[in-house]
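Summary of structural features
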Amino acid sequence: MFENLSERLGGVFDRLTKQGALSADDVKTALREVRVALLEADVSLPVVRSFIKSVESKATGSAVTKSITPGQQVVKIVHDELISVLSGDEGDDRLKVDTPPAPILMVGLQGSGKTTTTAKLAKRFKERDGKRVLMASLDVNRPAAMEQLAILGQQIGVDTLPIVKGEDPVAIAKRAKTQASLGGYDIYMLDTAGRLHIDAELIQQAADVRDVVNPRETLLVVDGLTGQDAVNVATEFDDKIGVSGVVLTRMDGDGRGGAALSMRAITGKPIRFVGLGEKLDAIETFEAERIAGRILG
Ligand code: GDP
């Protein structure tokens with residue numbers, strides 16, 4: 001079983017003589033443990049390297065206060081640095097959905113939790129903000145996905161655009177836009193098609209839809225358990241269609257949340273929400289503090 005970082009570092013420092021300030025050697029020894037902890041949390045190697053470097057310069061020579069041990073001191077510096085890298089403009093209050101009808105484009109790979117997240121967010125907009133939301137599935141290749149969104153809509157009392165067989169994604173998006181205007185909706189959410197891998201057709205479809213509706217937000221849904229893959233997916237989606245924010249799903253799972261740190265450090269995109277289960281209210285705004293705690297174990 002994984003011991004938490006404080007305990008590990010406690011062990012390291014027990015072997016060192018107590019001094020008034022953290023020496024370069026103390027810090028180096030401690031950071032070896034931190035490095036392992038970050039790698040075990042599935043933070044990508046380049047991010048671990050630059051993170052350790054920055055902590056190293058902050059920790060070396062920093063005074064150790066009487067009330068805490070040197071180990072705790074390093075953990076605190078690491079913790080604070082994690083928060084500073086992770087935090088930014090997260091949270092749904094930052095979503096640009098004020099001018100109705102505001103289009104939100106939902107993108108991501110199949111199985112990432114995109115459709116579930118679309119419904120979770122729609123429910124949240126409705127219950128928390130009193131918004132009228134319309135959802136539409138653009139996944140014309142998978143009728144089951146379209147049905148799934150309609151069923152979720154019924155469960156949460158949010159309208160979905162009626163399914164018309166044979167329509168292409170751009171036509172559906174246009175119809176959603178018109179319906180959202182005529183029907184007085186505040187927000188319309190477009191659940192784009194997912195594939196197992198990013199391919200040219202998937203990207204082209206999302207780009208065509210983007211050009212038609214000019215989304216206020218393009219939210220990328222990624223599986224938080226996939227670690228480095230999640231970051232690669234985000235980089236590619238962002239390069240090709242532009243992403244305004246990220247939703248990390250399955251943060252209720254066994255993963256330690258390292259993907260969040262890599263995501264923020266590599267893509268620079270804010271993580272807006274985390275998915276915490278299959279239920280439709282299992283979504284929360286991203287909190288740097290909580291993820292930092294998880295990464296540190
Ligand atoms: P899509 O193919 O990307 O639209 O994925 P779905 O929305 O159909 O989700 C795939 C599966 O993941 C479903 O069984 C969801 O209930 C589940 N799921 C979605 N988000 C989460 C989450 O945050 N935590 C957990 N544990 N399961 C989730």
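This write-up is about the structure you can find in this document. None of the values given here were measured: they were computed from a predicted structure.

What follows is about the sheet that holds strand S3 (residues 159-160). Taken together, 8 strands build an open sheet; the order of strands is S3-S2-S4-S1-S5-S6-S7-S8 and the sheet is mixed. At either margin of the open sheet sits one strand with a lone partner, and together these are S3 and strand S8 (283-285). The sheet contact formed by strand S2 (residues 133-137) and strand S4 (residues 187-191) spans 5 bridges and is parallel. Counterpart to Ser137 in the pairing with S4 is Asp191. Sheet contacts for helix H6 (residues 143-156): S2, S3 and S4; angle to S2, the most-contacted strand, approximately 160°. Strand contacts of helix H7 (residues 169-182): S2 and S4, with the helix running at about 170° to S2, the strand carrying the most contacts.

Moving on: the nonpolar core. Leu86, Leu190, Phe237 and Leu248 are the most contacted members of the largest nonpolar core, which totals 65 residues. No other element matches helix H4 (residues 70-86), which puts 7 residues into this core. When neighbours within four sequence positions are excluded, Leu86 is seen to be in contact with Ala260, Leu261, Arg264, Phe286, Ala288, Ile291, Ala292 and Ile295.

Taken together, 18 residues form the shell around the ligand, and within it Gly111, Lys114, Thr116, Arg250 and Asp252 come nearest. Between the ligand and Ser112 there is a distance of 3.1 Å, counted from an oxygen atom to a backbone nitrogen or oxygen. Taking Lys114, its main chain carries an N or O atom lying 2.8 Å from an oxygen atom of the ligand. Burial of the ligand by the protein chains amounts to 82% of its free accessible area of 590 Å². For the ligand, the cavity whose grid points lie within 2 Å of the majority of its atoms is the largest pocket. Looking at the shell around the ligand element by element, the count peaks at 4 residues for helix H5 (residues 114-129). Of the residues contributing to the shell around the ligand, the split by class is 2 nonpolar, 10 polar and 6 charged.

To continue, consider the pairing of strand S1 (residues 102-108). With 7 of its 7 residues buried, S1 lies for the most part within the structure. Side chains of S1 alternate between two faces, with Ala102, Ile104, Met106 and Gly108 and Pro103, Leu105 and Val107 buried alike. Relative to strand S5 (residues 217-223), S1 runs parallel, the two being bridged by 5 bridges. The partner of Leu105 across the bridge, within S5, is Thr218.

What follows is about the pattern of salt bridges. Under the criterion given, the structure shown has 16 salt bridges. One salt bridge connects Lys58 with Glu81, and the closest N-O pair in it is separated by 2.7 Å. Of this pair, Lys58 sits in helix H3 (residues 45-59) while Glu81 is found in helix H4, placing the two residues 23 residues apart along the sequence. Overall, the relative accessible area of 47% leaves Lys58 in the partly exposed class. For Arg195, the salt bridge identified is with Asp199, shortest N-O distance 3.3 Å. Residue class for Arg195 comes out buried when judged on its relative accessible area of 14%.

So, how was this worked out
Residues numbered from 1 in each chain as written. Predicted model: local features only at pLDDT ≥ 70, side-chain atom pairs only at ≥ 80, totals over all residues. Heavy atoms only, no water. Pairing = 2+ DSSP bridges. Helix = DSSP H or I, 4+ residues; strand = E, 2+ residues; numbered from the N terminus. Contact = heavy atoms within 4.5 Å. Axes fitted to C-alpha atoms, helices over the stretch in contact; angles between N-to-C directions. Core = buried A, V, L, I, M, F, W, Y, C linked by side-chain atoms within 4.5 Å. Buried < 20%, exposed > 50% of the residue type's maximum accessible area, 1.4 Å probe, protein only. Near = heavy atom within 4 Å. Polar contact = N/O pair within 3.5 Å; in protein donor to acceptor, adjacent residues only side chain to side chain. Areas by Shrake-Rupley, 256 points an atom, 1.4 Å probe, with all protein chains shown as cover. 1 Å grid on protein atoms, 1.4 Å probe; cavity = no way out; pocket = protein on both sides within 12 Å on 5 of 7 lines; lining within 4 Å. Sits in = over half its atoms within 2 Å of the grid points. Nonpolar A, V, L, I, M, F, W, Y, C, P; charged D, E, K, R; others polar. Salt bridge = Lys/Arg side-chain N within 4 Å of Asp/Glu carboxyl O.

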